[in-house]
Protein chains: 2
Amino acid sequence: MRVTEEMRNFKAESIGEECAARLREAAREARMWAVVATSAANSGHPAGALSSMDIYITLLGAANVSPELADSPERDRIVVSHGHTSAGFYAALAAYGFFPAHEMAANFRRAGSPYQGHVERDVPGVDWGTGNLGQGLAAGVGFALAARARGSKAHSWVVMGDGEQVKGQVAEARRIAAKEKLTNLTALVDWNDIQISGRLEDVMPADIPALWAADGWRVLECDGHDYNALYTAMKSAAASEKPAVILCKTVMGKGVSFMENIPDYHGKAASGEKLEEALKELGGDMSLFNAALAERKGPLPAGRSVKLERAALDTGAPRTYTKDDKKDNRGAFGKALADVGELNRKKEGAAPLLVFDCDLAGSVKVDGFAKLCPENFIEAGIQEHCVATAAGAASVAGVVSVWADFAVFGSDEVYNQQRLNDINRAGTKTVLTHSGLDVGEDGMTHQCIDYVGLFRNCFGWRVIVPADPNQTDRATRWMLAEPGNICLAMGRGTLPVIVDEKGEPFYGGDYKFRDGEIDLLRDGRDAVILSMGHMAGRAIEARETLAAEGISVRVLHCATPLSMDSERLFELTGGLPLLTCEDHHADSGLGAAAALAFARAGKAVKIKNIGVTRYGLSGSNKDVLADMGLDAAGIAAGVRELLK
Amino acid sequence: MRVTEEMRNFKAESIGEECAARLREAAREARMWAVVATSAANSGHPAGALSSMDIYITLLGAANVSPELADSPERDRIVVSHGHTSAGFYAALAAYGFFPAHEMAANFRRAGSPYQGHVERDVPGVDWGTGNLGQGLAAGVGFALAARARGSKAHSWVVMGDGEQVKGQVAEARRIAAKEKLTNLTALVDWNDIQISGRLEDVMPADIPALWAADGWRVLECDGHDYNALYTAMKSAAASEKPAVILCKTVMGKGVSFMENIPDYHGKAASGEKLEEALKELGGDMSLFNAALAERKGPLPAGRSVKLERAALDTGAPRTYTKDDKKDNRGAFGKALADVGELNRKKEGAAPLLVFDCDLAGSVKVDGFAKLCPENFIEAGIQEHCVATAAGAASVAGVVSVWADFAVFGSDEVYNQQRLNDINRAGTKTVLTHSGLDVGEDGMTHQCIDYVGLFRNCFGWRVIVPADPNQTDRATRWMLAEPGNICLAMGRGTLPVIVDEKGEPFYGGDYKFRDGEIDLLRDGRDAVILSMGHMAGRAIEARETLAAEGISVRVLHCATPLSMDSERLFELTGGLPLLTCEDHHADSGLGAAAALAFARAGKAVKIKNIGVTRYGLSGSNKDVLADMGLDAAGIAAGVRELLK
């Protein structure tokens, strides 16, 4: 709509009364549609939608967004952190022509419709799907970092609820924004003082202005239903010399008298006479509702399709390590990352690499990259929840976003953030070091033996567990340009380079990493070992022991347990007894995947899964693996038992 | 040792110079052992151990702790949140006679020893195992809440690092403590201004005093190497009218000149000449180190065994719902919880129930309990990370600790906290509502389709997914008295009561809940359906459809997918084609468990797993389940396909 042409991109100094009147009218109509939507769905959060409406209407009028820009890299990003106000944000988007309001209202929360219960990227104008509270500011940090890395003027706006202000991830995001001086980020808090269970001071008191100020933000306050005040505050915040938050004092349920300040309508739609009353107060009537119900029986609207694209990145020439090199996979990852960083730095048309660290750069080997490309290295401290989300959001905003951390922190600690990255169809590259039992002496709290078992629960994540430094190098380069969320996992220890029977590096030279592939490392006649990651070398060692006893073993390796090619597995196993081995939980990793594949294919096979079956000890790698039966001797014993 | 008799329980007003001298001597010796321990292990974090030493020595001398009290319910609890300073805390415990110092130093980080890399409960004097930073204060909150509920004077002390101050969970814990006025909780921050990657202000700046003050804590500062100052601050904090934090200004590596203020020794042990120099400065010599190396080859020390005990709780008489009752499992859980709460409230000898909520009491049905037992109901706001840990710690301190939340928040969002509860052998009772696709219209961000798949990665957690309100009632009562971490999961919708062929409630009357059991709900000849949770009723409905087509189906239900009795499964399946159904991820729930059991037993079976195979839609329950092929029609179709 044309109503706000003069305020777009904050051109005007302030909003005149005439412009405010147009916004007021747009907001009235959008409120009406939000009520129709929730009532047609008989579900949703009307009161919050009404509370945030004037913020949405003002922001969508002033920010650099429009239906035409909805997929432009240069648009401002708007994150609605309290995603349950979806009916309100959708209705405000409709007011600006992103899609027809009646279509949204009729299809809100209808199975198969893009207008889902919490804001999702299938709706044009929605930049990040939310719903689990307290995570939106972190997404805004990701967008702001990506814009800066790309040299773009795109501003990030995050609209938040007040109840979620106490969630720890919010504080983490504030601190990263302050440290990084993200002046291209503005937060707006819908401060109506009511959450599901009642008043904020009763549910969980918090001094909201003091918390933002303590983390170094500029704090503005304004009436969240006064268009001029909102506009002026946003304009001021956007030009601020440090990240700014606008605390917008609002009224829950604003615009429908019986919903105002009533916690009950937080999560309940109006119906019957109450609905009639609400629509009347908003200048409408029941015909809108009835029309929505009728349209709800019609065809489903399409929504936007989110595209995943390969990154424009030169991934360089792979390095080959020879059998005399003593190297850990971490080091090979770090070298490859630094190579690619240097190759693409400031290169015309290349997607910037953005690398996140949580106070472990030296251990996770991103220090090399940090030295070469300091401007694209984000030291975020011990704040993993924010980093997981920020890295996810950055990955959908034109950068290649890499986060390396100890495996327990990059997967276990932030599993839900990674799940939400998956739902958002992001392209996060998460590198987990110190995975499995291979963590040195740190002990069970640091042994991440479940990363495959966790990511298995998502539908998009892929996991790579390379066997040696050569495969790590190639997997790293492959991953950096590949779309989608990918996790690259590796242990801490130095590893022998896997060689073929001629002594040449198996994963060196022209070897190309392929998702799903099973590698035949050694042939054999009596039994098959299927290994994952650093167990490959140990499996080859076990094969030698067994050969001396007259047992001939075929050794396989699969680096991608979640996408393993089952048909190829059946073929390579060829009916022989199968031992799977991994320093991962025995019930949820590669072995479980193999067993499941056989079971579902109705194939009986003699199978044994060795892996982690209890929490590991704290001691040297060698002792810890031996204790769990996962050293070469343990693998050999497993084969012997299988052949009994 | 007797050195600090006068300061125990803060009897003395202040520490005289003579007492301080004794503490100084004890600290010197403990520092020496900490260096020996890390060097003997050639691993660990010596500089942090030295930094915190004077805090540990003072606290262990003044708090109500001793080797004799190490398992007493009335002892003070000490949580070391920066668990990597283990060598320091262990050495300080040894100084007070908890175990011999040489034993600890010789066996530090040795595989199979209790003296693990990060503090663990196997060591007497350690109340909570940590290592993943930022979680200790939440454990302290749990201990303080438990003490208050038990009417105990036990004080909770949490010693923290400075780098972890920025972790969001810390802020959550602060707010809960302030709201609950936990004057029996004191935090001590070892503020040496160095974390692994360097100075705090370079890694992640934070205004530490302002953050604590903004959350309503009393903030004290003192020299963290001055015994009198430490003692006085602790005494003052313990008597404070609001929770207090003592910011202890310290020197990283204190006591060994070449380690002081050097980040490098954060995670590196001294060796060779450097070790010799360190020991000399601390008044020792290499003979200690050599003796430790010799002892390290000897037998392993035993450590403490952590016992799990049944709670002293009257779980009352079960309620039976009949086939005319329309009830959701949530409601049945809420009723049973309120019943047990009322029965045991203020009852002599009964373990107090402590129930945590994160702003969803009405939805997760703990509101009934909250009304009956308001003093034991903790409304914690939207701060799940803290609650998960606090509920875990409380459960090992004499209360029955229950946390109910939407499933995505109680499992996905806090998976790592729940994993650490498992490592701590806690007894958390986590109730997940809105699990599976059964969440109403909220959509994919709120559909928790992975809780079995997540808890499968732990070794202690048990999961219960009851079929109907009767089984929910009985499982709730069973769980409340049972030791260990247990997750009870249920959807949102109302469900038919499962009845037997005579129309009597199957799980009513005398039915007793048993972990691992598979229930035969209906017999049949042609195929078997194995169902989980609310799919049981739908499976029975599908059976009726199929019966009309001449297909006879046996219907089984297993509420405990992680402990399912495999032999009984083989027996009840009896070689018939098997369809598993669940509204859980198809690769990681009940179906995967069943397939894995058959595969490992080398049994070929015709099996098909139906479950969740992509993110679900946002719409009515009925539509969402139908779309995923998980309504009765979808189950019937699955059986037909299986029999093709």
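Parameters at a glance
- Residues numbered from 1 in each chain as written.
- Chains lettered and ligands numbered in written order.
- Predicted model: local features only at pLDDT ≥ 70, side-chain atom pairs only at ≥ 80, totals over all residues.
- Heavy atoms only, no water.
- Contact = heavy atoms within 4.5 Å.
- Buried area = accessible area lost by both parts, 1.4 Å probe.
- Salt bridge = Lys/Arg side-chain N within 4 Å of Asp/Glu carboxyl O.
- Polar contact = N/O pair within 3.5 Å; in protein donor to acceptor, adjacent residues only side chain to side chain.
- Helix = DSSP H or I, 4+ residues; strand = E, 2+ residues; numbered from the N terminus.
- Nonpolar A, V, L, I, M, F, W, Y, C, P; charged D, E, K, R; others polar.
- Phe/Tyr/Trp six-rings, centres within 6.5 Å; stacked < 30°, edge-to-face > 60°.
- Buried < 20%, exposed > 50% of the residue type's maximum accessible area, 1.4 Å probe, protein only.
- Lys NZ or Arg CZ within 6 Å of the ring centre and 35° of its normal.
- Pairing = 2+ DSSP bridges.
- Axes fitted to C-alpha atoms, helices over the stretch in contact; angles between N-to-C directions.
- Right-handed = clockwise from strand over helix to strand, strands pointing away.

## Description of the interface of chain B and chain A
Then comes step 1: Chain B puts 99 residues into the contact, and the matching count from chain A is 101 residues.
Then comes step 2: Counting each side, the surface lost to burial between chain B and chain A is near 7900 Å², with a carbon and sulfur contribution of 57%.
Then comes step 3: When the area that chain B buries against chain A is broken down by residue, the three leading residues are B:Ile382, B:Phe459 and B:Tyr615, summing to 9%.
Then comes step 4: On the surface where chain B and chain A come into contact, there are ten salt bridges.
Then comes step 5: One salt bridge connects B:Arg600 with A:Asp587, and the closest N-O pair in it is separated by 2.9 Å.
Then comes step 6: Our count for the contact surface shared by chain B and chain A stands at 57 residue pairs in polar contact (both at pLDDT 80 or more).
Then comes step 7: The element contributing the most residues to the side of chain B that touches chain A is helix H17 (residues 415–423) of chain B, with seven residues.
Then comes step 8: Looking at the side of chain B that touches chain A residue by residue, the class counts come to 38 nonpolar, 33 polar and 28 charged.

## A short note on the packing of aromatic side chains
Then comes step 1: The full count for this structure, using the stated rule, is 32 aromatic pairs over all chains.
Then comes step 2: Each ring, one from B:Phe258 and one from B:Tyr265, has its centre 5.5 Å from the other, and the planes form 65°; the classification is edge-to-face.
Then comes step 3: Judged by its relative accessible area of 13%, B:Phe258 falls in the buried class.
Then comes step 4: Residue classification places B:Tyr265 among the buried residues on the basis of a relative accessible area of 8%.
Then comes step 5: Between B:Phe406 and B:Phe409, the aromatic rings sit 6.1 Å apart at their centres with planes inclined by 10°, giving stacked as the arrangement. Across this residue pair, the class does not change: B:Phe406 and B:Phe409 are buried.
Then comes step 6: Grouped by ring-pair contacts, the aromatic residues A:Tyr90, A:Phe99, A:Phe108 and A:Tyr115 constitute a single cluster.
Then comes step 7: The positively charged end of A:Lys249 is found above the aromatic ring belonging to A:Trp191, 4.2 Å away from the centroid.
Then comes step 8: Across the ring face of A:Phe258, the terminal group of A:Lys274 is positioned such that the distance to the ring centre comes to 4.6 Å.

## Description of the sheet that holds strand S18 (residues 553–558) of chain A
All names here are of chain A.
Then comes step 1: Overall, mixed pairing links the five strands, which are arranged S16-S18-S17-S19-S20 in an open sheet. This sheet does not close on itself; its edge strands, each paired only once, are strand S16 (518–522) and strand S20 (607–612). Each strand axis lies, on average, 25° off the axis of its neighbour in the sheet, ignoring direction.
Then comes step 2: Examined bridge by bridge, strand S19 (residues 578–585) and S20 share five bridges and lie parallel to one another. The partner of Cys-581 across the bridge, within S20, is Ile-610.
Then comes step 3: On top of the sheet, helix H21 (residues 566–573) reaches S16, strand S17 (527–531), S18 and S19; it is set at about 20° to S16, its chief contact.

## Comments concerning the pairing of strand S3 (residues 185–191) of chain B
Residue and element names in this part refer to chain B.
Then comes step 1: In terms of burial, S3 is largely enclosed, as seven of its seven residues are buried.
Then comes step 2: Sheet topology note: the strand S2 (residues 156–161)/S3 ladder contains six bridges and is parallel. Paired with Met-160 across the strands is Val-189, a residue of S3.
Then comes step 3: Handedness of the β-α-β unit built from S2, helix H6 (residues 168–179) and S3 comes out right-handed.
Then comes step 4: Alignment of S3 against strand S7 (residues 244–249), held across six bridges, turns out to be parallel.

Geometric descriptors of this kind do not, in isolation, establish any biological role.
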